Amino acid sequence: MDFIFKPFPWYVSGVLIGAVMLLLIYMGRNFGMSSNLRTMCAVLGSGKFAGFFRFDWKAQRWNLAVVLGAMIGGFITVHFLSDGSGVDLNPDTVAQLARMNIDAPQGRLLPDALFGMEQALTPKGLLILLGGGFLVGFGARYAGGCTSGHAISGISNLQLPSVIAVIGFFIGGLLMSHLILPLIF
Amino acid sequence: MKYFKFLLTGIFFGIVLTKSEAVSWYRIYEMFHFQSFHMYGIITVAIITGLIGIQFFKRRKVRDTDGNIIEIQDKDKGITRYLAGGMLFGLGWALAGACPGPMFILFGAGFWSMGMVITGALAGTFVYGLLKDKLPH
């Protein structure tokens, strides 16, 4: 039972993530996480401001249940199913991050330099988190999906638009990671 | 209780994504620097698994649990929205290190600063809703 406390290898993770998508399709639904952001906007009353949010959000309650479950799953894993061995990063990556003063994982999933409460509540930290989130939310809706809807669901259903979206994900991601992030840190 | 099976699916998804470390900011950074096969392996295997499953569903005309033959809608054709939207998404993904699933998973796990990322993502979705008709798609 030791494996349950270790991080899953990529080939196990990949099969299980694919299985989640297939399970949702088998239950007559689809695998798409960013749709929930639109649903939440609708629940919060955005329909007063834009037609985009005037839809039958109650029909999307199943997906909100998936998100709620995912949050519980995250809680269970971090608190009960981890041995603290943490993210085994490439040493080159760790050295590169150190040059930007971003702390090494040492058993944690997220760097304090971005997500520690002290940093997160500075004007710069706040801007990074809110701005990063904003781009993800805006971009996902503009592109009509995120990693789950395009990269996994779309490509495995051989959709060309999803390939284009994923190429976009990588152009943006490479720009940020190689050019913009070193300017921020 | 008709939502219970979706809640369970979500719990499973949250466990898998956390155990796979796909929720980790570090793994996303490492991926965009091509310094590990980990994320590429996960995404590739997930796609192959999905591809095989979807082909099976389609060829066998499998019915879903509601009794309907499984059909998956094609994405609308186009380039602009996918490329432009995708790039904006990628910029945010590499900065915050979390896509829409992981930001909720991490918040649930007790990383409260993810609440800021979720707030930003809701704001981004809202602004897209306002601008939708003015943007090229």
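Residues numbered from 1 in each chain as written. Chains lettered and ligands numbered in written order. Predicted model: local features only at pLDDT ≥ 70, side-chain atom pairs only at ≥ 80, totals over all residues. Heavy atoms only, no water.

**Some details on the domain arrangement of chain A**
Residues and elements named next belong to chain A.
Stage number 1. Under the domain assignment used here, chain A contains domain 1 (1-82) and domain 2 (116-185).
Stage number 2. Its C-alpha centre places domain 1 at a distance of 17 Å from the equivalent point of domain 2.
Stage number 3. Taken together, the contact pairs 10 residues of domain 1 with 10 residues of domain 2.
Stage number 4. Summed over both partners, the interface of domain 1 with domain 2 buries about 690 Å², with 68% contributed by carbon and sulfur atoms.
Stage number 5. The largest share of the area that domain 1 buries against domain 2 comes from M21, F31 and S34, three residues that together contribute 59% of it.
Stage number 6. Between the two partners, domain 1 and domain 2, sit zero salt bridges.
Stage number 7. Between the two partners, domain 1 and domain 2, sit three residue pairs in polar contact (both at pLDDT 80 or more).
Stage number 8. Looking at the side of domain 1 that touches domain 2, the elements that each hand over two or more residues are α1 (10-26) and α2 (35-43).
Stage number 9. If you tally residues by element for the side of domain 1 that touches domain 2, the top one is α2, at three residues. (Domains from an automatic or database assignment. Contact = heavy atoms within 4.5 Å. Buried area = accessible area lost by both parts, 1.4 Å probe. Salt bridge = Lys/Arg side-chain N within 4 Å of Asp/Glu carboxyl O. Polar contact = N/O pair within 3.5 Å; in protein donor to acceptor, adjacent residues only side chain to side chain. Helix = DSSP H or I, 4+ residues; strand = E, 2+ residues; numbered from the N terminus.)

**A closer look at the packing of aromatic side chains**
Stage number 1. Under the counting rule described, the total for this entry stands at 25 aromatic pairs over all chains.
Stage number 2. Aromatic pair F170 of chain A and F32 of chain B: ring centres 5.2 Å apart, planes at 65°, arrangement edge-to-face. Of this pair, F170 of chain A sits in helix α9 (residues 160-184) while F32 of chain B sits in helix α2 (residues 25-32), which puts the two residues in different chains. Both residues of the pair, F170 of chain A and F32 of chain B, belong to the buried class.
Stage number 3. Considering the side-chain rings of F107 of chain B and W112 of chain B, the 5.3 Å spacing of their centres and the 80° angle between planes classify their relative orientation as edge-to-face.
Stage number 4. Three or more aromatic residues joined by ring pairs make a cluster, and in this case those are F49, F52, F53, F134, F138 and Y142 of chain A together with F126 and Y128 of chain B.
Stage number 5. Directly above the ring of F52 of chain A sits R38 of chain A, whose terminal nitrogen or CZ lies 4.1 Å from the centroid.
Stage number 6. Over the ring of F185 of chain A we find K124 of chain A; its NZ or CZ atom is 5.0 Å from the centre of that ring. (Phe/Tyr/Trp six-rings, centres within 6.5 Å; stacked < 30°, edge-to-face > 60°. Buried < 20%, exposed > 50% of the residue type's maximum accessible area, 1.4 Å probe, protein only. Lys NZ or Arg CZ within 6 Å of the ring centre and 35° of its normal.)

**Section: the interface of chain A and chain B**
Stage number 1. Opposite the 127 residues of chain A that make contact, chain B presents 109 residues.
Stage number 2. Interface area for chain A against chain B, summed over the two sides, is near 10,400 Å², with a carbon-plus-sulfur share of 78%.
Stage number 3. When residues of chain A are sorted by the area they lose upon contact with chain B, W10, L109 and Y142 of chain A head the list and together hold 8% of the total.
Stage number 4. Remark: the boundary between chain A and chain B carries one salt bridge.
Stage number 5. Of the charged contacts in the structure, one is a salt bridge between D66 of chain B and R29 of chain A, with a shortest N-O distance of 3.5 Å.
Stage number 6. Residue composition of the side of chain A that touches chain B, grouped by class: 83 nonpolar, 34 polar and 10 charged. (Nonpolar A, V, L, I, M, F, W, Y, C, P; charged D, E, K, R; others polar.)

**Quick look at a nonpolar patch on the surface**
Stage number 1. A contiguous nonpolar patch, built from L160, V163, I167, I171, L175, L179 and I180 of chain A together with I79 and L83 of chain B and spanning about 730 Å² of accessible area, is present on the exposed surface.
Stage number 2. Broken down by element, the residue count for the nonpolar patch peaks at seven residues, all from α9 of chain A.
Stage number 3. Relative to the helices and strands, I171 of chain A is located in helix α9.
Stage number 4. With a relative accessible area of 34%, I171 of chain A lands in the partly exposed category. (Patch = residues over 30% accessible without salt bridge, like charges linked within 9 Å, V, L, I, M, F, W, Y side chains within 5 Å. Areas by Shrake-Rupley, 256 points an atom, 1.4 Å probe, with all protein chains shown as cover.)

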